[in-house]
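Read off the chains here:
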Amino acid sequence: MKLTGVELRRVRMPLVAPFRTSFGVETTRDVLLLRAVTDEAEGWGECVALTDPLYSSEYVDGAADVLRRYLVPALAAHERLDANMVVPALHRFKGHRMAKAALEMAVLDAELRAAGRPLARELGAVRERVPCGVSVGIMGSVGELLDAVDGYLEAGYVRIKLKIQPGWDVEPVRAVRERFGDDVLLQVDANTAYTLADARHLARLDPFGLLLIEQPLDEEDVLGHAELARTLATPICLDESITSAKSAADAIRLGACSIVNIKPGRVGGYLEARRVHDVCAAHGVPVWAGGMLETGLGRAANVALAALPGFTLPGDTSASDRYYRTDITPPFVLEDGHLPVPTAPGLGVEPLPDALAAVTTGTDWLPL
Ligand SMILES: CSCC[C@@H](NC(=O)CCC(=O)O)C(=O)O
Ligand SMILES: [Mg+2]
């Protein structure tokens with residue numbers, strides 16, 4: 001394929017309710033979308049960088065800048081381009097995995113649409129629908145949390161994930177267990193909010209039969225997670241620490257985690273995400289699909305990824321209405337706790353023109 005240009009498009013998507021984590025509160029997603037135009041087809045990419053560099057070092061304005069000044073121009077040198085070539089072509093630019101992932105995603109979508117191949121089949125999907133969990137933010141009270149969890153269980157979600165932080169951990173977990181019982185699949189996500197000094201406190205979560213505790217320590221403290229894993233009965237899952245297939249192999253070998261949350265943006269793309277899946281499978285480590293409040297575009301790709309064989313735990317692949325009143329694609333609707341894997345070529349979905357126009361705050365055409 002010949003890439004003729006890339007459109008950077010910013011969309012502003014208000015959340016149906018504030019989403020609070022240990023690092024901040026999201027009320028509106030300011031999303032950077034990419035539209036890759038080639039001589040054979042067009043493709044869409046979604047950059048998962050948040051507005052501020054609080055989940056990781058990337059942030060949406062920085063991603064747009066590095067794409068505009070470095071990453072998109074770097075692809076001009078390639079007369080013919082396929083998705084496998086994108087990340088290697090950008091290797092000399094350090095970091096910016098979420099920006100690189102979005103560019104690879106757009107080129108991959110265009111390539112697959114041109115070939116009439118669904119992303120799920122390209123990645124190695126073995127399922128036609130995936131079981132869906134839901135991520136529940138930190139709330140103002142335990143009562144408010146219990147009402148939210150009740151609503152999600154009613155909606156059919158098969159797994160509940162609670163955001164935790166110091167001062168909001170044991171009590172909400174205990175309340176959910178007491179209200180909904182021991183059979184509900186339940187896990188927690190700290191987003192790096194604790195230190196090894198909190199080990200004894202975190203061990204107080206062990207009696208609640210959690211599936212996992214996600215990223216309790218700093219993303220760079222792999223050895224700390226290995227030491228914590230020797231203390232806790234609850235399995236440790238890493239998110240922010242896993243930035244590539246190699247970092248997954250290292251973390252597993254060091255005993256830092258026994259479960260991995262895979263987010264394609266965090267690891268530099270869907271092709272690397274498949275490699276993370278393969279490395280984890282080789283070590284017998286289960287994985288699940290994480291989320292970054294994606295629009296239907298990223299959601300479609302995450303659902304395709306979640307259909308790979310090693311994704312044996314429900315992911316944060318929630319329905320569109322978990323976050324958005326109106327999605328920019330036909331909405332993903334939960335059916336018996338599952339979402340269907342798209343079967344059309346490429347991502348299998350594309351933006352609805354009117355819905356996209358209604359939330360677009362700016363476009364920037366980058367010709368090659
Ligand atoms: C704004 S918080 C984004 C990162 C967070 N993501 C979620 O909790 C799931 C979000 C989703 O359902 O897309 C995580 O650390 O796993
Ligand atoms: Mg997480």
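Cut-off values and rules
- Residues numbered from 1 in each chain as written.
- Chains lettered and ligands numbered in written order.
- Predicted model: local features only at pLDDT ≥ 70, side-chain atom pairs only at ≥ 80, totals over all residues.
- Heavy atoms only, no water.
- Helix = DSSP H or I, 4+ residues; strand = E, 2+ residues; numbered from the N terminus.
- Rg over C-alpha atoms; globule rule 2.2 N^0.38 Å.
- Contact = heavy atoms within 4.5 Å.
- Areas by Shrake-Rupley, 256 points an atom, 1.4 Å probe, with all protein chains shown as cover.
- Lys, Arg positive; Asp, Glu negative; His and termini not counted.
- Charge placed at Lys NZ, Arg CZ, Asp CG, Glu CD.
- Donors = N, O, S within 2.8 Å, 3.2 Å for Na, K, Ca; no water.
- Buried < 20%, exposed > 50% of the residue type's maximum accessible area, 1.4 Å probe, protein only.
- Domains from an automatic or database assignment.
- Buried area = accessible area lost by both parts, 1.4 Å probe.
- Salt bridge = Lys/Arg side-chain N within 4 Å of Asp/Glu carboxyl O.
- Polar contact = N/O pair within 3.5 Å; in protein donor to acceptor, adjacent residues only side chain to side chain.
- Nonpolar A, V, L, I, M, F, W, Y, C, P; charged D, E, K, R; others polar.
- Near = heavy atom within 4 Å.
- 1 Å grid on protein atoms, 1.4 Å probe; cavity = no way out; pocket = protein on both sides within 12 Å on 5 of 7 lines; lining within 4 Å.
- Sits in = over half its atoms within 2 Å of the grid points.

## Things to note about the overall build of the chain
- Counting secondary structure elements, the chain contains 13 helices and 13 strands.
- A globule of 368 residues ought to have a C-alpha radius of gyration of about 21 Å, and the chain, at 20 Å, matches this closely.
- In terms of principal-axis extent, the alpha carbons of the chain reach across some 60 × 40 × 35 Å.
- Counted over contacts in the chain with a minimum sequence separation of 6, partners at least 24 positions apart contribute 73%.
- Counting every atom, the chain has about 14300 Å² of accessible surface; 51% of that belongs to carbon and sulfur.
- In the chain, 37 side chains carry a positive charge and 50 a negative one; their mean positions are 3 Å apart.

## As for the coordination of the magnesium ion (ligand 2)
- Protein-derived ligands of the magnesium ion (ligand 2) are D189 (OD), E214 (OE) and D239 (OD), with the metal-ligand distances lying across 2.1 to 2.3 Å.
- The motif formed by the donor residues of the magnesium ion (ligand 2), counted along the single chain, is D-x24-E-x24-D. One end of the pair, D189, is in strand β7 (residues 185–189); the other, E214, is in strand β8 (residues 213–214), and 25 residues separate them in sequence.
- A residue is classified by how much of its surface remains accessible, and D189, at 1% relative accessible area, is buried.

## Observations regarding the domain arrangement of the chain
- Taken as a whole, the chain is organised into domain 1 (3–116 + 353–361) and domain 2 (120–340).
- Every contact between the two is made by 32 residues of domain 1 and, on the other side, 39 residues of domain 2.
- When domain 1 packs against domain 2, the two sides together hide about 3000 Å² of surface, and 67% of this comes from carbon and sulfur.
- Scanning the region where domain 1 abuts domain 2 turns up zero salt bridges.
- Our count for the contact surface shared by domain 1 and domain 2 stands at 13 residue pairs in polar contact (both at pLDDT 80 or more).
- Taken together, the elements giving at least two residues each to the side of domain 1 that touches domain 2 come down to β1 (3–21), β2 (24–38), β3 (42–47), α2 (83–89), α3 (97–115) and α13 (353–359).
- Of the residues assigned to the side of domain 1 that touches domain 2, the class counts are 22 nonpolar, three polar and seven charged.

## A word on the site of ligand 1
- The environment of ligand 1 is made up of 19 residues, and the closest members are S135, K161, N191, L293 and Y323.
- D189 is positioned such that a nitrogen or oxygen atom in its side chain is 3.1 Å from an oxygen atom of ligand 1.
- D239 is positioned such that a nitrogen or oxygen atom in its side chain is 3.1 Å from an oxygen atom of ligand 1.
- Alone, ligand 1 offers 430 Å² of accessible surface; in the complex the protein occludes 100% of this.
- If you map ligand 1 onto the pockets, it falls in the largest cavity.
- Only β1 and β6 (159–163) provide two or more residues apiece to the shell around ligand 1.
- A per-class count over the shell around ligand 1 returns seven nonpolar, four polar and eight charged.
- Two domains each put at least three residues into the shell around ligand 1: domain 1 (3–116 + 353–361) and domain 2 (120–340).

## Some points on unusual backbone geometry
- For Q215, which is not glycine, the phi torsion reads 45° and is therefore positive.
- You can see Q215 is positioned in the loop between β8 and α8 (222–229).
- Even without glycine at this site, L293 takes up a positive phi of about 60°.
- A relative accessible area of 7% places L293 in the buried class.

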